[in-house]
Amino acid sequence: MINCLIRPSKRPVAWNEIRLLVLDCDGVLTNGKIIYGNNEQDIKQFHAADGMGLMLLRETPIEVAVISGRSSQALSKRCEDLQIKILRQGVAKKLPVLSEILEEKGLDFDNVVYMGDDWNDIPPMRRAALSVCPSSALAEIKKVADMVTEHSGGEGAVRELVNFILQKKGLYERAINRYLESIGC
């Protein structure tokens, strides 16, 4: 067995302490396929339902961060569109970057839900209060995750997780009502 797959014991998730959702990009926000266009253009496909879920989180105290191993203008644009202010790209070692984010925000790992799908996500997954992966993740990653979504990456897995978090925190209806009010309903 690979040593990094052995998880330290965790305490149960204290949902009232969850303040940050951290997402990987390729394989989580997207289906993991990378398309190169002309002029080295990196093309990514995002799911609208995931975007709506992240918009619902804006109506709550939960912030969203994206930490990606690759750099992409498409991801920068998607985060801008969704008003995700915490974006770190081209990150080989995600745990130190997440630690820096937590320090900046005055948070710790007990405040984090982390969703990743591959080997570079293991270190932060092992530390987060709740680690999640999409159903399309590697089998070994699924063994490390506390939760595996029914949906694949880029196909609604993020929305499924957001709905789960909102329900666990008792914020689901409040977030929807606030969102609907914000669009004039």
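Placed above this text is the structure.
Chemist: I'd like to hear about the pattern of salt bridges, residue by residue, with values.
Modeler: Taken as a whole and judged by the stated rule, the model has 9 salt bridges. Put simply, Asp26 and Arg70 hold a salt bridge, and the shortest N to O gap is 3.9 Å. With Asp26 in the loop between strand E1 (20-23) and strand E2 (35-36) and Arg70 in the loop between strand E4 (63-67) and helix H2 (73-81), the pair connects residues that are 44 residues apart, well separated along the chain. Owing to a relative accessible area of 24%, Arg70 belongs among the partly exposed residues under this scheme. With a closest N to O distance of 3.4 Å, Glu104 and Arg88 form a salt bridge. Here the residue Glu104 occupies a position in helix H3 (residues 94-105), and Arg88 occupies one in strand E5 (residues 86-88), the gap between them amounting to 16 residues. Owing to a relative accessible area of 25%, Arg88 belongs among the partly exposed residues under this scheme. If you follow the salt bridges from partner to partner, you end up with Asp26, Asp42, Lys44 and Arg70 in one network.

Chemist: Please give an account of the packing of helix H1 (residues 48-57) against helix H7 (residues 172-182) that cites residues and values.
Modeler: Two elements in contact, H1 and H7, have axes separated by 9 Å at closest approach and are oriented at 95°. Relative to H7, H1 is oriented roughly perpendicular. Only Ala175, Ile176 and Tyr179 of H7 make contact with H1, whose side of the interface consists of Met52, Met55 and Leu56. Of the residues contributing to the contact of H1 with H7, the split by class is 6 nonpolar, no polar and no charged.

Chemist: How would you sum up the side chain of Thr30? Please name residues and give values.
Modeler: The topology assignment puts Thr30 in the loop between E1 and E2. On the basis of relative accessible area, Thr30 is assigned to the buried category, the value being 1%. Among the polar contacts listed, one links the side chain of Thr30 to the backbone nitrogen of Gly32, at a separation of 3.0 Å. With residues near it in sequence (within four places) discarded, Thr30 still touches Cys25, Lys44, Gln45, Phe46, Gly153 and Gly154.

Chemist: Mind laying out the sheet that holds E5, listing which residues take part and the relevant values?
Modeler: Strand order in the open sheet formed by 6 strands is E5-E4-E1-E6-E7-E8, and the pairing between neighbours is parallel. The open sheet has two free edges, formed respectively by E5 and strand E8 (147-148), since each of these has just one partner strand. Direction of pairing for E1 relative to strand E6 (residues 112-115): parallel, over a ladder of 4 bridges. Directly across from Leu23, in E6, lies its bridge partner Met115. Contacts from helix H6 (residues 157-168) reach E1, E6, strand E7 (130-133) and E8, with the element oriented near 160° to E6.

Chemist: Explain the nonpolar core residue by residue, including any values.
Modeler: In a soluble, globular protein the nonpolar side chains are often hidden away together inside. Ranked by size, the top nonpolar core spans 33 residues in total, and within it Leu21, Leu23, Leu54 and Val113 carry the most contacts. Of all the elements in the fold, those that place two or more residues in this core are E1, H1, E4, H2, E6, E7, H6 and H7. With 6 residues, the top contributor of residues to this core is H6. Dropping the residues within four chain positions of it, Leu23 is found in contact with Val28, Leu29, Leu54, Val64, Ala65, Val66, Ile67, Met115 and Val158. Among the nonpolar cores identified, the runner-up in size contains 21 residues, and Ala65, Ile67, Val97 and Ile141 belong to it.

Chemist: Tell me about the state of the cysteines, and please be specific about residues and values.
Modeler: Linking two cysteines covalently via their sulfur atoms produces the bond known as a disulfide. Per the stated rule, a full pass over the model turns up 0 disulfides. Just so you know, Cys25 is unpaired, no disulfide at all, and the nearest cysteine sulfur is the one on Cys79, 7.5 Å from it.

Chemist: Which residues make up the environment of Glu17, and what are the values?
Modeler: On the secondary structure map, Glu17 appears in the segment before E1. Sequence-distant contacts of Glu17, defined by excluding residues within four places in its chain, comprise Arg11, Asp110 and Asn111.

The rules behind these values
- Residues numbered from 1 in each chain as written.
- Predicted model: local features only at pLDDT ≥ 70, side-chain atom pairs only at ≥ 80, totals over all residues.
- Heavy atoms only, no water.
- Salt bridge = Lys/Arg side-chain N within 4 Å of Asp/Glu carboxyl O.
- Helix = DSSP H or I, 4+ residues; strand = E, 2+ residues; numbered from the N terminus.
- Buried < 20%, exposed > 50% of the residue type's maximum accessible area, 1.4 Å probe, protein only.
- Axes fitted to C-alpha atoms, helices over the stretch in contact; angles between N-to-C directions.
- Parallel < 35°, antiparallel > 145°, perpendicular 65-115°, else oblique.
- Contact = heavy atoms within 4.5 Å.
- Nonpolar A, V, L, I, M, F, W, Y, C, P; charged D, E, K, R; others polar.
- Polar contact = N/O pair within 3.5 Å; in protein donor to acceptor, adjacent residues only side chain to side chain.
- Pairing = 2+ DSSP bridges.
- Core = buried A, V, L, I, M, F, W, Y, C linked by side-chain atoms within 4.5 Å.
- Disulfide = S-S within 2.5 Å.

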